[in-house]
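Residues per chain, in single letters:
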Amino acid sequence: MSLVCRNWSEGYGSPSVWKTFRFALTESQLSRKTCPVMKFVRKYSSMFRHVEIKYLHTFKQSLINTWCQHFTEFLILTNNSQLLSVSFLDLQGCFTHTDPQTYDDICRAIQNFLASQHHLRRVEFHRCLFRSQECVELMKVLIENNRESLTHLAIRKFLRRKSRDEEQDSIVAQSQFTFMDLPSLKTLETDYSLIFENMFARQLDAIKTYENFQTRVFSKIILYYNSGTTKMEDLRGLTSTDWRLLKELFPDLQIEFTFRSDSPSRQELEFLIVTNMPITRLNYVYYDSISQLLHPSLIEIDVLFDHLLACNINDNLVYLHLGWKLPIPDLASTFNPFLLACNKIEHLQLCIVYAANGIDVLLESWLEIRPESLKKVIINIFGINDGDVDSLLKNVIAEHVSRLELVGLNVKVIFHL
């Protein structure tokens, strides 16, 4: 592009072209003797403002080693930039195939890089899985150098999951930050983990009594729990008192909670969703295989809704996405009492299995009574064989959908063969 003419060449070197840069090397680039991407990094890195770093998944050890070398060099070259945001993605794939010395070198390079930045507003770590000591050190250097500017922090799959022991718990617990350390933070995106728990439960009283604590900008927690990667027995659990204190500190606090379980139980539900959690968006997914469908601890969908109502989640809920693998005998009698109790709900998305008994009755009932706030509904029905859904049912559903649109409810029903 820069070789076309003088004007194009000048434009190619302008700051607006290099404001956003994605470091995601391909196998072909790594296989070359001289990586073409690094040439541009050396020349234009001072213009970078937003950087995304994504590890290439490959089984070729030589390419993994080359990627590590280029990654370390990239961080060094980017030290002279004044970044506003940086994202680290999928480093766990790199750590799995590197020796301890290379792991240590990479962690040190990331720490030095974060220490060189003083204006970061957004920092994200996704699927990186550092050891506990490195988690502590990375957070420490990030806070020390960007405490006034940081508004969004994402730490998802940030800490390696190992068997709990006192030494690891002690390192994580004693070295975590509080909101006193990040006065400009607005959004925290994190897994439900030891780091998350210690950030709040052990330090809420200290925050509340801190005389100079004036921060009120913090307003959102994007929280994730997956029983396949995090076991409930590894957690302490935040209580309703913890959440009440948080709500007092941050009156505008909202929670977006993604809850994925391979065998949802009452114990798990009551442990993680408690009173005083201001959940505005709930993504609850039961995703396990058919072999677990008859597990004795599995809850019925009525138990889920009853618990949510008992915790007053309906007072704040705006968006509900429910993925449910068990058959639901009667959709209308199951969903309508809960939905009518949610006076703020706007968007409902269902992923359910066939036979979805009473889908036509559910839609027809919404013509007579439904939450006034509800504006959009998407219903996905899975596990359908050819011929299961007759044309009459489809025509009835289509008619109800058309009538609902006339009264202001956008409904889409999708059958998945």
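What counts, and at which threshold
Each chain has its residues counted from 1, running along the sequence as written. The predicted nature of this model means local features are confined to residues of pLDDT at least 70 and side-chain atom pairs, given and counted, to a pLDDT of 80 or more, with totals for whole chains, interfaces and linings taken over all residues. With hydrogens and water excluded, all non-hydrogen atoms of the structure serve as input to the side-chain values. Going along the chain from the N terminus, every DSSP run of H or I of four or more residues is numbered as a helix, and every run of E of two or more is numbered as a strand. Note on exposure labels: buried denotes an accessible area under 20% of the residue type's maximum, exposed denotes more than 50%, and partly exposed covers the range between, all computed with a 1.4 Å probe on protein chains only. Contact definition: two residues touch when any of their heavy atoms are within 4.5 Å. Each salt bridge in this description consists of a side-chain nitrogen of Lys or Arg and a carboxyl oxygen of Asp or Glu lying within 4 Å of one another. Stacked, edge-to-face and tilted labels apply to pairs of Phe, Tyr and Trp rings (six-membered ring for Trp) whose centres lie within 6.5 Å, assigned for plane angles under 30 degrees, over 60, and everything in between, in that order. Consider the ring centre and the ring normal. A charge sits over the ring if Lys NZ or Arg CZ is within 6 Å of that centre and within 35 degrees of that normal. Confidence of the predictor in every single residue is expressed as pLDDT, which spans 0 to 100. Interaxial angles span 0 to 180 degrees and are taken between N-to-C directions of axes, which are lines fitted to C-alpha atoms, for helices over the stretch in contact. Relative orientations are named as follows: roughly parallel for angles under 35 degrees, roughly antiparallel for angles over 145 degrees, roughly perpendicular for angles from 65 to 115 degrees, and oblique for any other angle. Definitions for this section: a left-handed crossing has its near helix turned counterclockwise from the far helix by less than a right angle. A right-handed crossing has that turn clockwise. Side-chain classes are defined by residue name, with Ala, Val, Leu, Ile, Met, Phe, Trp, Tyr, Cys and Pro counting as nonpolar, Asp, Glu, Lys and Arg as charged, and the others, Gly among them, as polar. Whenever two N or O atoms come within 3.5 Å, that pair is a polar contact, provided that in protein one can donate a hydrogen and the other can accept it, and provided that, for residues adjacent in sequence, both atoms are side-chain atoms. One less than the number of residues in a helix, times 1.5 Å, gives the span that helix is expected to have.

Scanning the protein from N- to C-terminus turns up 16 helices and 13 strands. Expressed as a percentage of its 417 residues, the buried residues of the protein come to 50%. Put simply, of all contacts in the protein between residues at least 6 apart along the chain, 84% involve residues at least 24 apart.

One pass over the full model with this rule turns up 14 salt bridges. A salt bridge links R147 to E148, with the nearest nitrogen and oxygen atoms 2.5 Å apart. A salt bridge links E270 to R266, with the nearest nitrogen and oxygen atoms 3.7 Å apart. Of this pair, E270 and R266 are both found in helix α12 (residues 266-272), 4 residues apart, which corresponds to roughly one turn of the helix. Since its relative accessible area comes to 38%, E270 is described here as partly exposed.

Any aromatic ring pair is given by two values, namely how distant the centres are and how the planes are angled relative to each other. A complete count under the given rule lists 31 aromatic pairs for this structure. Plain terms: the ring middles of F125 and F130 are 5.9 Å apart, the flat faces sit at 80° to each other, and that makes the pair edge-to-face. Judged by relative accessible area, F125 falls into the buried class, the value being 1%. Stacked on the ring of Y103, the Lys or Arg R160 has its end atom at 4.9 Å from the ring centre. R281 extends its terminal NZ or CZ atom over the ring of Y319, reaching a point 4.0 Å from the ring centre.

For the protein, the average pLDDT comes to 87, and 88% of its residues sit at 70 or higher. The low-confidence segment residues 163-167 (pLDDT under 50) makes 5 contacts with residues lying over four places distant or belonging to another chain.

Here we come to the packing of helix α3 (residues 36-44) against helix α4 (residues 61-77). With their axes 10 Å apart at the nearest point, α3 and α4 run at an angle of 15° to one another. Looking at the two axes, α3 sits roughly parallel to α4. As for how α3 packs across α4, the hand of that crossing is left-handed. Judged by residue contacts, M38, V41 and R42 of α3 engage H70, E73, F74 and L77 from α4. For the contact of α3 with α4, the residue count by class is 4 nonpolar, 1 polar and 2 charged.

Another point: the side chain of S87. With respect to the helices and strands, S87 occurs in strand β3 (residues 85-89). Once residues within four sequence positions are removed from consideration, S87 is found in contact with V51, E52, I53 and E124.

Further remarks concern the side chain of N336. Within the fold, N336 resides in helix α14 (residues 331-341). Within the structure, N336 has its side chain in polar contact with the side chain of S365 (distance 3.0 Å).

Glancing now at helix α6 (residues 100-116). The end-to-end C-alpha distance of α6 is 25 Å, a good match for the 24 Å that 17 residues give at a rise of 1.5 Å each. Those residues of α6 that sit buried are Y103, I106, C107, A109, I110, Q111, F113 and L114. Packed against the buried residues of α6 are α4, β3, α5 (91-96), β4 (122-126) and α7 (132-146). Capping the start of α6, D99 holds a side-chain oxygen 3.1 Å from the backbone nitrogen of Q101, two or three residues further along.

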